[in-house]
Amino acid sequence: MHNAAMSVDHVLIIGAGMAGASAAAKLRGAGHAGGITLVGEEQRLPYDRPPLSKEVLLGRARGGDALILPEDFYRKERIDVRLGSQVTSLDLDARAAVCEGGARIHYDQLVIATGARARRLHVPGITLPGVCYLRSVEDASLLSESLHAARRLVVIGGGFIGLEVASAARHLGVEVVIVEQAPTCLERVMPSAAVSAVIGWHCERGVSVLCNRTVQVIEGRSRVESVTLDDGTQLEADLVVVGIGSVANDELARKAGIACARGVLVDTRCRTSVDRVFAIGDVASIRDASTGRGRRLESWDNAGRQAARVAEQLLGRRIDQDNPP
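Overview of the structure.

Conventions adopted
Residues numbered from 1 in each chain as written. Predicted model: local features only at pLDDT ≥ 70, side-chain atom pairs only at ≥ 80, totals over all residues. Heavy atoms only, no water. Core = buried A, V, L, I, M, F, W, Y, C linked by side-chain atoms within 4.5 Å. Buried < 20%, exposed > 50% of the residue type's maximum accessible area, 1.4 Å probe, protein only. Helix = DSSP H or I, 4+ residues; strand = E, 2+ residues; numbered from the N terminus. Contact = heavy atoms within 4.5 Å. Expected span 1.5 Å × (residues − 1). Arc of directions from axis to C-beta. Axes fitted to C-alpha atoms, helices over the stretch in contact; angles between N-to-C directions. Parallel < 35°, antiparallel > 145°, perpendicular 65-115°, else oblique. Left-handed = near helix turned anticlockwise from the far one by under 90°. Nonpolar A, V, L, I, M, F, W, Y, C, P; charged D, E, K, R; others polar. Pairing = 2+ DSSP bridges. Polar contact = N/O pair within 3.5 Å; in protein donor to acceptor, adjacent residues only side chain to side chain. Right-handed = clockwise from strand over helix to strand, strands pointing away.

Attention now moves to the nonpolar core. Leu-143, Leu-153, Val-165, Val-176 and Ile-178 are the most contacted members of the largest nonpolar core, which totals 29 residues. Counting only elements with at least two residues in this core, the list comes to helix H3 (137-149), strand E10 (152-156), helix H4 (160-171), strand E11 (175-180), helix H5 (192-204) and strand E16 (239-242). At 5 residues, H4 tops the list of elements feeding residues into this core. With sequence-adjacent residues up to four places away left out, Val-176 is seen in contact with Leu-153, Val-155, Ala-166, Ala-169, Arg-170, Gly-206, Val-207 and Ser-208. Counting 27 residues, the second-largest nonpolar core is a separate cluster that includes Leu-38, Leu-69, Ala-113 and Ala-311.

Our focus in this paragraph is H5. Its 13 residues give H5 an end-to-end C-alpha distance of 18 Å, which sits within 8% of 18 Å, the value for a rise of 1.5 Å per residue. Listing the buried residues of H5 in full gives Val-195, Ile-199 and His-202. Along the axis of H5, the buried residues cluster in a sector spanning 55 degrees; they form a single face. Structural note: H5 exposes Ala-193, Ser-196, Ala-197 and Glu-204 on the side pointing more than 90 degrees away from its buried face. Positive backbone phi, at 95 degrees, marks Gly-206, one or two positions downstream of H5.

For any two helices packed against each other, the geometry comes down to the angle between their axes and how far apart the axes lie. One way to put it is that H4 packs onto H5 with a least axis distance of 10 Å and a crossing angle of 25 degrees. On the basis of their axis angle, the class for H4 and H5 is roughly parallel. Of the two elements, H4 crosses H5, and the hand of that crossing is left-handed. Across from Leu-163, Ala-166 and Ser-167 in H4, the residues of H5 making contact are Val-198, Ile-199, Trp-201 and His-202. Residue classes in the contact of H4 with H5 are distributed as 5 nonpolar, 2 polar and no charged.

Before going further, it helps to examine the sheet that holds strand E4 (residues 87-91). Within the open sheet, the 3 strands sit side by side as E4-E5-E6. Their pairing is antiparallel. Each having just a single partner strand, E4 and strand E6 (104-106) make up the two edges of the open sheet. Strand-to-strand twist of the sheet, defined as the mean angle between neighbouring strand axes without regard to direction, takes the value 25 degrees.

This part takes up the side chain of Thr-228. With respect to the secondary-structure elements, Thr-228 resides in strand E14 (residues 226-229). Judged by its relative accessible area of 14%, Thr-228 falls in the buried class. At 3.4 Å, the side chain of Thr-228 and the side chain of Glu-219 are in polar contact. If we skip the residues at most four places from it in the chain, Thr-228 touches Thr-214, Val-215, Gln-216, Val-217, Glu-219, Thr-233 and Gln-234.

With 4 of its 5 residues buried, E10 lies for the most part within the structure. As a crossover connection, the stretch from E10 through H4 into E11 is right-handed. Where E10 and E16 come together, 4 bridges link them in parallel fashion. Opposite Leu-153, over in E16, you have Leu-239 as the bridge partner.

Their axes nearest at 8 Å, the elements helix H1 (residues 18-29) and helix H7 (residues 300-314) cross at an angle of 35 degrees. For the pair H1 and H7, the crossing hand works out as right-handed. Contacts between H1 and H7 pair Met-18, Ala-19, Ser-22, Ala-23, Lys-26 and Leu-27 from the former with Trp-300, Ala-303, Gly-304, Ala-307, Ala-308, Ala-311 and Leu-314 from the latter. Looking at side-chain class alone, the contact of H1 with H7 contains 10 nonpolar, 2 polar and 1 charged residues.

None of the figures reported here should be taken as evidence of function without further support.
Written out as structure tokens, the structure is:
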């Protein structure tokens, strides 16, 4: 991994989420005078995702209103934003991204910020109406409507998304059961004392939490009616939300021959295995120097910090040791 720090001409950022938008803004803010192109698959300008599982579900805000940067920012800062555009391949030798339809975007430095998608559950009945995921504005809008009409919700997965959805549902008076396959919720991301406090808060508000359980089948005639667990327990439900983690959108990098391992492998400076190519945000998997394994840090804070580190490097600035997450 050997991206040399230098002043660059044109920076292409693939992925118009928190990480991508932050990288564009921080480049301009740090004094980059060259071209910046930001490419995103969605038709919307970059927006914040945290409100999707909070205010949007409660009907207090609309997902599309939570823009990361004002609409006129991109015009004022001369950032070329291309929405509804999918990059299908990378020509690393020519330093070009090939878009659907064949158009090519040339770059001097490339930042991959393609994010992650919701991990899918594969059990019988998963395609029934009333089974939802939460990742995009459209997901949040649909789930918000469903929550306001629901009586019994089963949340599959006791991570941040699952617990936030459960909290919103209880606020709306919906009965909630969380099903988690691990011995406890939030096992991978929080210390036990904090987990106990968070789960205690939910239980005090009427949420039922079932750990060490997996879903075997989701049943219903025209839409979801029940969820059956591995121990035979049958939970009534007219709405199911699946929140079992995410999968890095690393296919573009993998196809180009960039080293990946459950995400695009990067060092602590977000440099990939290919010169002039960086990866940041949810798609980036930080390689541990001692084990060689990668670890993704999926958070709003991490996306912003990595964007700042890449911007400073591209402008030839000194990079201090990164703070722990």
